[in-house]
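Residues per chain, in single letters:
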Amino acid sequence: MISTEVRYFLAVVEAGSLSAASDSLFVAVSAISRQIKRLEQQVGVPLFARQARGMILTEAGEIFAQHVRKNLLDMEYALAEIKGLTAVRRTLIRVACTDGLAFSLLPRLIAAFRDAHPGVLFDVKVASPQGVATLLRSGECDVALQFSLHAERGVEVQASWPAPVRLVMHQQHPLAQVQQIDFTALGHYPLALPQQNTTVRQLFELASHMRGQLIEPVMTCDNFSTLFHFLLRTPLAVTICSAFTVMHEVETHGLALRAVAIDQLNQRHLQLQTPSGRPPGAALQLFLHFLEAQLDALARRLTP
């Protein structure tokens, strides 16, 4: 159901060279080269830049590859529907999320869903906000959870909940005695922050610059679990995240969540996203309804 030209094209994309594609397909290099040239003649532009170390996709090649992958995924979905594999039994749901959501919330939600639907399998990819959007647009995941500042192109937002930035600290921390903390007070304590590719850090830096106070963190990391365990072992440390990220750990570990009186830190939303234009199968539809109901309930608990 896929032409030889396109099959060979994808093999070269994955392998990175004609010779490597030849090894994987057990087809002569010359035959693959002829099919690639024929495809380029049909398209009307070069799809690869030929280099000494391999074949690199041109801009047109990138566009063509993205559409081919999407069409193949649509074909797989159609075949699965025809065969009845979208029934809620042994179905795989591919989920993408940002790091903070992978820390605790998403594993708990998946475990609770599988209590009722044990035949559903999950593949979870953790990526940056930009990476999550790319996975959705390319069709490499079925659903995504991420903290966002705006709507993403080519993505459908199924539901959204306010997710303001909160400071996390021990209940005995001096700042925990204040319900809303002045930003300048943070400079007196060890600060552990996510790295710059996260929305929470970007908002924090924006707030810092607008107040002319740059606070140097004692540690940065792109893995929230590392920041969290540093916090547990450093009584005066402070880190930042959404309440969704740690709401289940606050009581267990004797932690406190506190707000900062800064409008910029209230701009984020937790979004439930799906690829644009692709109808969900039976299992995914159930999972989306489950996520929305669970997150609605959590959001009500977090509302003052």
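For the structure, see preceding data.
Computed from a predicted structure; not experimentally measured.

**Student:** Let's hear about the packing of aromatic side chains: which residues, and what values?
**Tutor:** A complete count under the given rule lists ten aromatic pairs for this structure. Centre to centre, the rings of phenylalanine 9 and phenylalanine 64 are 5.1 Å apart; their planes meet at 75°, and the pair counts as edge-to-face. Here phenylalanine 9, found in helix 1 (residues 4-15), pairs with phenylalanine 64, found in helix 4 (residues 59-82); they are 55 residues apart in sequence, far enough to count as distant. Ring geometry for phenylalanine 224 against phenylalanine 228: centres 6.2 Å apart, planes inclined by 40°, an arrangement best described as tilted. Placement of both phenylalanine 224 and phenylalanine 228 in helix 9 (residues 224-232) is noted, with a separation of four residues, approximately one turn of the helix.

**Student:** Got a sec to walk through the sheet that holds strand 13 (residues 269-275)? Specific residues and values, please.
**Tutor:** Neighbouring strands of a sheet are bound in pairs by backbone hydrogen bonds; such pairs are parallel or else antiparallel. The mixed open sheet is built from five strands, whose spatial order is 4-3-5-13-6. Each of the sheet's edge strands pairs with one partner strand only, and the pair in question is strand 4 (120-126) and strand 6 (155-162). Adjacent strand axes in the sheet meet at a mean angle of 20°, parallel and antiparallel pairs treated alike. As defined by bridge partners, strand 3 (residues 91-97) adjoins strand 5 (residues 143-148) across three bridges and the pair is classed as parallel. Pairing of cysteine 97 across the sheet is with leucine 145, part of strand 5.

**Student:** I'd love a proper account of the pattern of salt bridges, names of residues and values included.
**Tutor:** For the structure shown, the criterion picks out six salt bridges. As a salt-bridge pair, arginine 69 and glutamate 14 come within 3.6 Å of each other at their nearest N and O atoms. With arginine 69 in helix 4 and glutamate 14 in helix 1, this pair connects stretches of sequence that are 55 residues apart. By relative accessible area, which is 31% here, arginine 69 ends up partly exposed. By relative accessible area, glutamate 14 is classed as exposed at 60%. Among the ionic pairs, glutamate 40 bridges to arginine 50, the shortest N-O distance being 2.9 Å. A residue pair is termed long-range when its members are at least 10 positions apart, and glutamate 40 in helix 3 (residues 29-43) and arginine 50 in strand 1 (residues 48-51) qualify at ten residues.

Thresholds, definitions, all that
- Residues numbered from 1 in each chain as written.
- Predicted model: local features only at pLDDT ≥ 70, side-chain atom pairs only at ≥ 80, totals over all residues.
- Heavy atoms only, no water.
- Phe/Tyr/Trp six-rings, centres within 6.5 Å; stacked < 30°, edge-to-face > 60°.
- Helix = DSSP H or I, 4+ residues; strand = E, 2+ residues; numbered from the N terminus.
- Pairing = 2+ DSSP bridges.
- Axes fitted to C-alpha atoms, helices over the stretch in contact; angles between N-to-C directions.
- Salt bridge = Lys/Arg side-chain N within 4 Å of Asp/Glu carboxyl O.
- Buried < 20%, exposed > 50% of the residue type's maximum accessible area, 1.4 Å probe, protein only.

Take it as geometry only, folks, not as evidence of what the structure does.
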